[in-house]
Amino acid sequence: MAAVLWHSRGRDYEAELHRCRPEAAPVEFGDHHPLKPIMVTDTKTRRGIRKGSTSSSSSSSSLAAPDPLSSMLDGTDPLSMFVAASASEPLAVSHSDSSGDLGRRRGDREEEAMGPDFEPWSAKRGEILARFTTTEKLSINLFMGSERGKAPSPGSSAVSEKVRTRLEELDDLEEGSQRELLNLSQQDYANRIEELNQSLKEAWASDQKVKALKIVIQCSKLLSDTSVIQFYPSKFVLITDILDTFGRLVYDRIWTMCSDPRPLPDSFTVDDVNDTAKETCLNWFFKIASIRELLPRLYVEAAILKCNRFLNKSGIQETLPRLTAMIRGIGDPLVAAYTRAYLCRVGMEVAPNVKDSLNRNFFDLLGTFQQISGESVQNQLVLQRVEAPEYLTLYSPAINWILQCIAYRAPERLLMEMMERCKKLGNNALLLNSVMRAFRPDFVAARATDFIGMIKDCDEAGFPKHLLFGSLGRSLACADPPEPERLTILNEAWKVITKVRSPRDYVNCAEIWVEFTCRHFTKREVNTVLADIIKHMTPDRAFEDAYPQLQAVIRKILTYFHDFSVLFSMERFLPFLDMFQKDSVRVEVCRSIMEVFIRHQLEPTRDPVILNAMLHICKTMHDSVNALTLEDEKRSLALLIIGFIRMVSFGRDFEQQLSFCVEARATFCNLEPVLVQLIHTVNQLAMETRRVMRGSHSRKTAAFVRACAAYSFITVPSLSSIFSRLSLYLLSGQVALANQCLSQADAFLKAAVSILPEVPRSISVEGKLRSSESFLLDFVNNFLATLLVVPDHPEHGVLYLVRGLLNMVQDYAWEDNSDAKVRVYISALPLLAAMGQETYIYSIPKVDSNETLYGGDPKFLSEINKLCETLIAQVLDHLKALGREESTRRQGALAFSLFGILLAHGDLRNNKLSQLAVNLWNLSHKHGYCDTRVSVRTLEYIKHQAQQADMAHLSDTVQRLTLQSRT
């Protein structure tokens with residue numbers, strides 16, 4: 001294949017565009033439309049059994065062609081099929097089903113029966129464990145049953161041997177050897193209890209029912225121990241988990257015995273239970289009744305309370321009052337309170353509509369309050385060095401739960417009765433606190449003034465008033481009090497809150513009331529509250545121990561104040577932010593502010609108050625970045641700062657906008673994505689200036705767009721990503737060219753060419769190394785497309801930028817066995833062919849391209865042709881080398897690419913060029929690697945082109961092109 005003289009084909013772009021436009025064809029719209037939805041009807045048969053395919057009703061015309069989607073569905077929605085199939089399957093539960101799953105499913109149904117507005121115990125469990133902690137050492141006393149037998153007691157001859165053995169085992173458990181675990185930390189204690197829970201499940205699974213009962217009894221006895229009284233609520237939570245497990249295992253065991261041969265429905269009656277199940281159930285109650293100690297007997301019977309459903313219809317209603325009365329025999333008021341709480345919890349699960357026992361438990365609880373001031377309790381507090389207010393808070397979870405159960409869907413009169421009882425008890429602060437937390441927020445909010453009066457009458461010695469106002473504030477955060485009373489409520493509450501001396505207690509209460517203030521008042525009141533918080537938390541750097549509460553204050557303010565001009569006009573808002581002096585916390589707060597700003601700031605702003613404050617916040621986030629900061633963290637912070645930059649607009653004051661970008665560049669120099677955004681912002685600013693001036697710059701605007709170009713030219717080199725620099729150099733050059741800044745555009749493009757050798761062979765993409773060739777080829781193609789409209793510099797000769805680019809490509813260290821360099825040469829041929837046209841396919845207004853500078857000068861065209869011939873020679877040499885290396889697939893692909901370039905841009909009336917095109921076609925098909933469909937379409941295109949008058953010479957060429965396939 002000898003080198004040939006290149007001749008570019010003359011192009012009339014307007015005529016070609018006109019020929020490519022499709023002809024408009026009228027479209028008739030009937031009843032049928034291919035995008036009209038298919039109406040699928042699912043036909044359900046009796047008992048949910050499918051006896052045939054369902055019918056499909058479609059609005060399509062019967063004469064219309066069938067829709068492929070509807071034919072695939074065959075009138076049957078596959079989702080409906082699955083639903084019907086699942087509905088038709090009978091509910092069958094085998095004995096192999098795990099009882100835990102059964103218990104969870106029924107537990108879910110019970111919670112649904114109580115309604116989603118009832119907060120379940122599981123939601124309170126974590127809070128109690130986190131709140132009631134201790135550093136004291138704990139102990140566990142376990143009585144392990146011995147294996148020795150016992151002599152039969154007199155009068156037991158009538159008892160069967162099996163029953164007698166079971167009773168002896170229980171006695172053995174209670175009277176056996178004692179094992180005591182001492183000096184346990186709180187975590188060790190929790191781990192030991194969890195081990196007992198697992199032992200219970202394992203014993204049950206291995207059919208050691210008596211051993212399981214022993215574990216439950218011994219765990220229940222631990223609830224009588226108040227030696228570390230601060231930990232008692234958490235101990236109650238841990239041990240009642242074991243009781244719940246035991247109750248669920250017993251119930252599921254009996255329920256499974258009733259499910260043979262058919263499953264027992266959830267709404268079963270006593271008549272549906274077989275005799276074996278009844279006998280087993282009764283046996284369990286007899287075992288529990290034989291426990292001698294009151295507390296374990298109470299807890300274990302309460303745990304299996306639900307099993308009364310298997311014995312008689314009114315078993316639960318009869319048992320609840322009896323257990324309630326038995327609790328009166330417990331001497332310790334704290335232990336009794338939590339026992340009542342457990343009984344109320346179980347009662348709500350199994351009989352939520354039985355309110356009498358709930359009320360009776362509550363009234364009995366009120367009767368025990370006088371024991372708190374008794375000698376026994378006071379001595380215990382002195383011995384354990386526990387203050388009275390701290391001791392009273394231990395009752396809160398139990399009382400709160402009991403009151404929640406009572407108040408659930410309770411009538412107004414009952415709630416009013418509870419308030420009256422509080423007054424009769426001398427406004428007992430502990431009770432009043434629980435009432436406000438348990439009753440519906442709207443009920444409390446409507447009577448907020450009455451509650452404030454009751455709080456004032458309470459004795460602060462036993463229960464601090466700020467805790468009462470905290471509970472009131474929680475209700476007012478969920479419901480609105482009457483509007484005329486709101487300011488009075490806030491003033492009365494803040495009078496008490498501001499007098500709290502302990503910074504921790506103060507901020508816990510103030511944080512609650514911030515939401516009420518933000519919800520109902522203006523920035524003036526919120527600013528006053530912030531000033532008071534700063535005043536209390538600044539001395540002795542108390543704010544360092546209250547970061548979570550202070551963060552909650554910020555979140556609540558941001559929830560209600562979305563107008564940042566109002567927010568930042570608060571005098572105390574930024575000083576409040578200054579209290580966050582721990583770097584990680586400060587950044588987290590700034591991040592939350594930025595997220596709200598980006599979400600709610602819909603219009604661009606130029607407000608100096610907002611800009612100064614947001615720059616301060618963004619700078620705080622930026623300054624937190626160091627060498628150890630993770631890339632994801634950097635990316636996240638950069639996105640927030642970019643969101644702020646995009647929302648800054650000075651309107652037609654372009655110089656002020658550029659000044660802002662200059663300041664932002666100095667402020668955010670460590671975050672590369674922010675610098676990239678700033679460059680885009682400045683380029684957009686230059687183009688906006690061009691739009692305003694309609695392409696005709698004045699002396700002032702011309703100087704301004706040159707300043708924008710200088711900003712980009714200075715900023716781009718500071719970027720570390722080579723491809724970011726390349727793309728921004730090219731983009732900035734295009735912007736400069738559009739604004740008639742020719743020398744600036746020339747500098748940008750020369751800079752892009754000069755850094756091409758720095759492009760590495762591989763780059764990291766999402767943590768994986770990938771070849772950079774594809775990225776580099778994309779850039780070079782984009783660069784070549786830009787060079788068409790770039791005029792030659794008068795001092796650097798013809799096509800100096802094109803030659804410079806090609807020289808850099810030639811010298812670049814490409815990968816071995818790579819065709820990238822040759823592909824660049826092939827891509828440059830269309831550019832050179834376009835440069836040889838009398839009129840270019842596109843141009844930039846008010847910028848004279850080479851078509852105007854040279855005006856079809858033969859010397860210029862000769863330079864273009866020589867460069868094309870050189871490139872073609874390089875490509876042909878590479879094709880020969882591939883042939884010698886037997887890289888036939890690569891050779892065929894490159895030959896076909898060059899053939900397409902010759903066909904589109906070369907003048908094939910030249911015999912040598914036409915012969916070269918035929919040779920390239922044959923070479924590309926020689927080994928059969930060329931896509932036959934592409935080849936066929938290419939031949940059809942050539943035949944179509946040959947029908948035009950100025951392309952008739954292609955008829956001879958197409959006759960010489962033949963399709964070949966690999967054999």
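Residues numbered from 1 in each chain as written. Predicted model: local features only at pLDDT ≥ 70, side-chain atom pairs only at ≥ 80, totals over all residues. Heavy atoms only, no water.

A. Quick look at the nonpolar core. F310, W513, I533 and F644 are the most contacted members of the largest nonpolar core, which has 309 residues in total. The biggest single contributor to this core is helix α9 (residues 232-257), with 14 residues. The contact partners of I533, leaving out residues within four places of it in the chain, are Y506, A510, V514, L550, V553, F576 and M579. (Core = buried A, V, L, I, M, F, W, Y, C linked by side-chain atoms within 4.5 Å. Buried < 20%, exposed > 50% of the residue type's maximum accessible area, 1.4 Å probe, protein only. Helix = DSSP H or I, 4+ residues; strand = E, 2+ residues; numbered from the N terminus. Contact = heavy atoms within 4.5 Å.)

B. Fine view of the environment of D12. Summarising the element assignment, D12 is placed in the segment before α1 (13-20). In this structure, the C-alpha to C-alpha distance between D12 and T839, residues 827 residues apart in sequence, is 8.3 Å.

C. Structural view of helix α20 (residues 429-438). Counted residue by residue, α20 has 9 buried out of 10 residues, so it is predominantly covered. Taken residue by residue, α20 has A429, L430, L431, L432, N433, S434, V435, M436 and A438 as its buried positions.

D. Molecular detail of the packing of helix α12 (residues 315-327) against helix α13 (residues 333-350). Closest axis-to-axis distance for the α12/α13 pair is 10 Å, and the angle between their directions is 175°. Judged on the interaxial angle alone, α13 and α12 are roughly antiparallel. From α12, I316, L320, L323, T324 and I327 reach across to α13, where they touch A336, T339, R340, L343, G347 and V350. Grouping the constituent residues of the contact of α12 with α13 by class yields 7 nonpolar, 3 polar and 1 charged. (Axes fitted to C-alpha atoms, helices over the stretch in contact; angles between N-to-C directions. Parallel < 35°, antiparallel > 145°, perpendicular 65-115°, else oblique. Nonpolar A, V, L, I, M, F, W, Y, C, P; charged D, E, K, R; others polar.)

E. Highlighting the packing of aromatic side chains. Applying the stated criterion across every chain, the model contains 39 aromatic pairs. Aromatic side chains F568 and F573 sit 5.8 Å apart centroid to centroid with 65° between the ring planes, which places their arrangement in the edge-to-face category. The class of F568 is buried, set by a relative accessible area of 7%. For the pair F723 and F775, a centre-to-centre distance of 5.7 Å together with 55° between the ring planes defines the contact as tilted. Of this pair, F723 sits in helix α36 (residues 722-738) while F775 sits in helix α38 (residues 773-787), and the two are 52 residues apart along the sequence. When its relative accessible area of 29% is taken as the criterion, F775 is described as partly exposed. The structure contains a cluster of three or more aromatic residues connected by ring pairs, namely F118, W121, Y232, F236, Y299, Y338, Y342, W401 and Y408. Between the NZ or CZ atom of K209 and the centre of the ring of W204, over which it lies, the distance is 4.9 Å. Across the ring face of Y251, the terminal group of K306 is positioned such that the distance to the ring centre comes to 4.5 Å. (Phe/Tyr/Trp six-rings, centres within 6.5 Å; stacked < 30°, edge-to-face > 60°. Lys NZ or Arg CZ within 6 Å of the ring centre and 35° of its normal.)

F. Region of interest: the pattern of salt bridges. If you walk through the whole model with that rule in mind, you get 31 salt bridges. Here R691 ties to E688 by a salt bridge, and the two come within 2.5 Å at their closest N and O atoms. You can see R691 and its partner E688 sitting in helix α34 (residues 672-692), 3 residues apart, about one turn around the helix. Using a relative accessible area of 52% as the deciding quantity, one classes R691 as exposed. Under the relative-accessibility criterion, E688 is labelled partly exposed at 29%. The salt bridge partner of R803 is E863, with a shortest N-O separation of 2.7 Å. Here R803 is found in helix α39 (residues 800-811), whereas its partner E863 is found in helix α42 (residues 858-884), with 60 residues between them in sequence. Since its relative accessible area comes to 28%, R803 is described here as partly exposed. A residue is classified by how much of its surface remains accessible, and E863, at 28% relative accessible area, is partly exposed. If you follow the salt bridges from partner to partner, you end up with R9, R11 and E16 in one network. (Salt bridge = Lys/Arg side-chain N within 4 Å of Asp/Glu carboxyl O.)

As far as function goes, none of this settles anything; it's purely spatial.
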